[in-house]
Amino acid sequence: MEKFHTLTGLVVPLDRANVDTDAIIPKQFLKSIKRSGFGQYLFDEWRFLDHGESGMDSSKRQPDPGFVLNQPRYQGAQILLARANFGCGSSREHAPWALQDYGFRVIIAPSFADIFFNNCFKIGLLPIVLDTAILDLLFVSVAMHPGYQLTVDLQNQCVSTPDSNSFEFEVDTFRKHCLLHGLDEIGLTLQHADKIKAFENKRRQEQPWLF
Amino acid sequence: MQTLYDKLWNQHVVPTESTDVGGMSLIYIDRHLVHEVTSPQAFESLKLAGRKPWRLSSILAVADHNVPTTDRSQGIHDPLSRLQVDTLDQNCDELGITQFKMYDLRQGIVHVIGPEQGATIPGMTVVCGDSHTSTHGAFACLAFGIGTSEVEHVLATQCLLMKKSKTLRILVEGQLGLGVTAKDIALAIIGKIGTAGGNGHAIEFAGSAIRTLSMEGRMTLCNMAIEAGARAGMVAVDDVTIDYIKGRPFAPQGEMWERAVAYWRTLHSDPDAAFDQTVILNATQIKPQVTWGTSPEMVVDIDGRVPDPEYVTDELKRKDIQLALNYMGLKANTPIQQITIDKVFIGSCTNSRIEDLRSAAQVVKDKRIASNVKLALVVPGSGLVKQQAEQEGLDKIFMAAGFEWREPGCSMCLAMNDDRLNPGERCASTSNRNFEGRQGPGGRTHLVSPAMAAAAAITGHFVDVRELKDSLS
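Rules used throughout
Residues numbered from 1 in each chain as written. Chains lettered and ligands numbered in written order. Predicted model: local features only at pLDDT ≥ 70, side-chain atom pairs only at ≥ 80, totals over all residues. Heavy atoms only, no water. Helix = DSSP H or I, 4+ residues; strand = E, 2+ residues; numbered from the N terminus. Buried < 20%, exposed > 50% of the residue type's maximum accessible area, 1.4 Å probe, protein only. Contact = heavy atoms within 4.5 Å. Pairing = 2+ DSSP bridges. Right-handed = clockwise from strand over helix to strand, strands pointing away. Core = buried A, V, L, I, M, F, W, Y, C linked by side-chain atoms within 4.5 Å.

Residues and elements named next belong to chain A. Structurally, Asp-153 can be placed in strand S5 (residues 149-153). With relative accessibility at 16%, the residue Asp-153 sits in the buried group. When the C-alpha positions of Asp-153 and Gln-62 are compared, they lie 37 Å apart, and in sequence the two are 91 residues distant. In this structure Asp-153 touches His-5, Thr-6, Cys-158 and Phe-169, once residues within four positions along its chain are discounted.

This part is about the pairing of strand S3 (residues 59-62) of chain B. Residues and elements named next belong to chain B. Across the two faces of S3 the burial is the same, with Ile-59 and Ala-61 and Leu-60 and Val-62 all buried. Note that strand S2 (residues 31-34) and S3 share three bridges and pair parallel. What sits directly across from Leu-33, in S3, is Leu-60. Traced from S2 through helix H2 (residues 40-48) to S3, the parallel crossover comes out right-handed. Where S3 and strand S4 (residues 98-100) come together, three bridges link them in parallel fashion. Residue pairing for S4: Val-62 is matched across the bridge by Phe-100. Running through helix H3 (residues 79-95), the crossover from S3 to the neighbouring parallel element S4 is right-handed.

What follows deals with the nonpolar core. Counting 118 residues, the largest nonpolar core has Phe-43, Phe-86 and Leu-99 of chain A together with Phe-403 of chain B as its most contacted members. The element that contributes the greatest number of residues to this core is helix H15 (residues 450-459) of chain B, accounting for eight residues. If we skip the residues at most four places from it in the chain, Phe-403 of chain B touches Val-344, Ile-346, Val-364, Ile-369, Ala-376, Leu-377, Val-378, Phe-398 and Ala-457 of chain B. Of all hydrophobic cores here, the second largest spans 96 residues; its members include Trp-209 of chain A together with Phe-100, Ile-121 and Val-154 of chain B.

Below, the structure is given as structure tokens:
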């Protein structure tokens, strides 16, 4: 997993609540057996006027100029501002894969759907929860200032604005530790292999019908 | 005093010294269900890391999303779908994983076949790379969807690192009216608490109305816990649970059965257990539900109207409603019963079990689908559901009414195979999500119960199934 320390990046606002993972990456792109290459289909039905299918070269398609990600001022954005319940619906990890592959490193929203939130940490994409009032402020700021950037500092758990406002955010100690060091969670769990075996053996005796 | 969730959680915590850091626990997984869409990358990474599945007997695999529901004798014609299904077959063959292949009578939607086989039993932790894994909570399991990284984690370690959820009890008290189903309860709950209402929580569904539901109904309800934002939904064990499991192929037998049942009887919340939140619904007031928008929370009673954004004060909400109305091609204040449909889909992990098919068949018996309905599909949840329905003659009832009777799979719930809506088409669907493009790009989905979908098929528009003659039992 890619490490995450600090990032100063261009911000793009997606001003819609309940953005579901079907919208983030539509089902026709889930037929791939690979983990990469989903970025070009991110938000496919909103981003393009023509219908997308897996394997198409999105650089040759018709972008919808009205969709925020297509506006020239937001090209190269690494931080996505979103609204409540971002990532609801399907558990597809293809959604965080697509966001990361497109270039996003951070998503800031007032709330996230549970499975999506969890999936982000597994691949080194940082979901940050800030109050709705702060998000409202950031949405206004980004609209007013072309080239608007935010700085995200994971170690100190804060998001800073260009005019030196700083907003703290919560992150679980364990998840933070894994992100800061780019740790392989499976490797960490396997350090407890003996304990898992012991637990399993005890369970096998107590509830043999499960085995 | 413990909630059911507490009991299930505590039973599965692997004691360690160091993983409690930051409130995470190592949770042991009893049952791992696997399908073709979210597993190939996990198997690939597992192999690249030189690892093997921790416990093969915990895994049951099936292809359901990409399989055709029409004649399968020619295989799968879409090369990408075929590759995904072939990849699952290869991974399972190579590693020795139990799998029901496409031509197996037991093949079906993963959340239908687990319980059907007795592979889902009370007290288990059940995971699958699929958000509707919450379905299995109907059996007092801690069951939830995971992403592909976690699929790999469970394959490699039989465990997941997790943070304990808060608890939300949803009490549904009183008697459900005739023609009102578990699907209507689910939609009414989501209408009340919203699609984020259960975020961060595990839901326990309780109350007298839940106790009278069949296992099929409880599965429908738990299935849609994720649509209320909760990763897990669950129902306590009672006689209905135990009677359902008895004699199923993977279920314990003989002396082991008695021991298991004695334990299962303890799987309920203690009388004074404290929940973080409780929501109460009166079952007698729940009417058949129809969604009008692009989120399951955009739902109204069958005698209701499409909402008018003009009267919504919250700016974000007003904008959401306007976007949904535009996408759905609907005008504010339209009576729901005036909305005409183009297609009907009866199926999905929410509503494709035998009870669902029976209730839809009762509505369509001796009738014909309306002339404006271009396609009406019945897609049973598994080969065994299909066989049972055929033994009861349901297939003939559906086909005589003009429905197509298909092979089992996820089908038009998410349209990864050929079953889909064309742009602008409107569908009465028994599935779980009415998101933009879910059933096909530009398609417009209205979520309803099987009886309500059947009623819409007959009349060509939404109608209160309770008012159709002979349609209820």
